[in-house]
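# Overview (structure and organization)
These are the residues of each chain, in order.
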Amino acid sequence: MTTNRTFTMLKPDAIENGYMGKILDMIIQAGFQIKAMKYTKLTTEQARKFYEVHAERPFYGELVEYMTSGPIVAAILEKENAVADFRALIGATDPAEAGDGTIRQYYAESKGRNAVHGSDSDENAEIEGRFHFSANEII
Ligand code: IDP
Ligand code: MG
């Protein structure tokens, strides 16, 4: 069941810049079904935990600060081949390298403030979805 799901966040820059509706529309038009969704703001503790894997990277502090700087939209998405197809839809981490028609090409500001998160594996999709949603919040 979880193999066809991925997890996303519309990041603070995307919300701040008024792209929430446009990005959600691209996600829906690309065939993803929303299985859970919330508009929320991460605490420092949540952001540190979510990005724990990057704790040793030089940008970790900046990343945590950015991800707690404003509201986000968190969502679990379902589609065949969800993880890979969603990574294709969002494009490369750095918008300068993101392909034509990708969400990051259209809406990201920079490699750090890059508008949207997408899980990188089925396993992480499951972990990240559970981090943000309890079972009764998932449709
Ligand atoms: P991804 O979001 O494309 O999977 P990751 O390498 O997993 O990229 O990095 C997680 C997040 O950390 C990125 O989306 C971005 O917000 C931030 N980040 C990654 N590399 C840099 C960097 O070199 N400078 C600042 N922030 C970065
Ligand atoms: Mg990643």
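Summary of the structure given here. (Residues numbered from 1 in each chain as written. Chains lettered and ligands numbered in written order. Predicted model: local features only at pLDDT ≥ 70, side-chain atom pairs only at ≥ 80, totals over all residues. Heavy atoms only, no water.)

Helix and strand counts for the protein chain come out as seven helices and four strands. The helix and strand sequence of the protein chain, counted from the amino end, reads β-α-α-β-α-α-β-α-α-β-α. Since a compact globule built from 139 residues should have a radius of gyration of about 14 Å, the 14 Å found for the protein chain is in line with a globular shape. Across the 139 residues in the protein chain, those meeting the buried criterion constitute 43%. Across the protein chain, contacts joining residues at least 24 apart in sequence account for 77% of those joining residues at least 6 apart. Counting every atom, the protein chain has about 7,400 Å² of accessible surface; 48% of that belongs to carbon and sulfur. If the 15 positive side-chain charges of the protein chain are averaged to one point and the 21 negative ones to another, these points end up 3 Å apart. (Helix = DSSP H or I, 4+ residues; strand = E, 2+ residues; numbered from the N terminus. Rg over C-alpha atoms; globule rule 2.2 N^0.38 Å. Buried < 20%, exposed > 50% of the residue type's maximum accessible area, 1.4 Å probe, protein only. Contact = heavy atoms within 4.5 Å. Areas by Shrake-Rupley, 256 points an atom, 1.4 Å probe, with all protein chains shown as cover. Lys, Arg positive; Asp, Glu negative; His and termini not counted. Charge placed at Lys NZ, Arg CZ, Asp CG, Glu CD.)

With that out of the way, let us pick up the pairing of strand β3 (residues 72-78). Of all seven residues in β3, six are buried, a share of seventy percent or more. Examined bridge by bridge, strand β1 (residues 5-10) and β3 share six bridges and lie antiparallel to one another. Note that in β3 the partner of F7 across the bridge is I76. Judged from the seven bridges that link them, strand β2 (residues 33-40) and β3 form a sheet pairing that is antiparallel. Bridge assignment links M37 to a residue of β3, and that residue is A75. (Pairing = 2+ DSSP bridges.)

In the vicinity of ligand 1, the contacting residues are K11, H54, F59, E62, L63, R87, T93, R104, K111, G112 and N114. Taking G112, its main chain carries an N or O atom lying 2.7 Å from an oxygen atom of ligand 1. In this structure, N114 approaches ligand 1 through a side-chain N or O atom, which is 2.8 Å from an oxygen atom. In isolation ligand 1 offers 530 Å² of accessible surface; the protein chains occlude 81% of this area. Here the shell around ligand 1 is built from residues that sort into two nonpolar, four polar and five charged. (Near = heavy atom within 4 Å. Polar contact = N/O pair within 3.5 Å; in protein donor to acceptor, adjacent residues only side chain to side chain. Nonpolar A, V, L, I, M, F, W, Y, C, P; charged D, E, K, R; others polar.)

Looking now at a nonpolar patch on the surface. Judged by side-chain polarity, I28, I34 and M37 come together as a nonpolar surface patch covering roughly 240 Å² of accessible area. Its location among the elements puts I28 in helix α2 (residues 20-29). (Patch = residues over 30% accessible without salt bridge, like charges linked within 9 Å, V, L, I, M, F, W, Y side chains within 5 Å. Salt bridge = Lys/Arg side-chain N within 4 Å of Asp/Glu carboxyl O.)

Taking strand neighbours across the sheet as the criterion, the four strands line up as β2-β3-β1-β4 in an open arrangement whose pairing is antiparallel. What marks the edges here is a single partner per strand, and that holds for β2 and β4 (116-118). Direction aside, the axes of adjacent strands within the sheet are offset by 15 degrees on average. Across the sheet, α2 lies against β1, β2 and β3, angled at about 165 degrees from β1, the strand it touches most. (Axes fitted to C-alpha atoms, helices over the stretch in contact; angles between N-to-C directions.)

Counting 20 residues, the largest nonpolar core has L10, I23, I27, F86 and I103 as its most contacted members. Only α1 (12-16), α2, β3, α5 (82-90) and α6 (103-107) provide two or more residues apiece to this core. The contacts of I27, once residues within four sequence positions are left out, are L10, F32, L77, F86, L89 and I103. In this structure, M9, F50, I72 and F133 belong to the second largest nonpolar core, which totals 16 residues. (Core = buried A, V, L, I, M, F, W, Y, C linked by side-chain atoms within 4.5 Å.)

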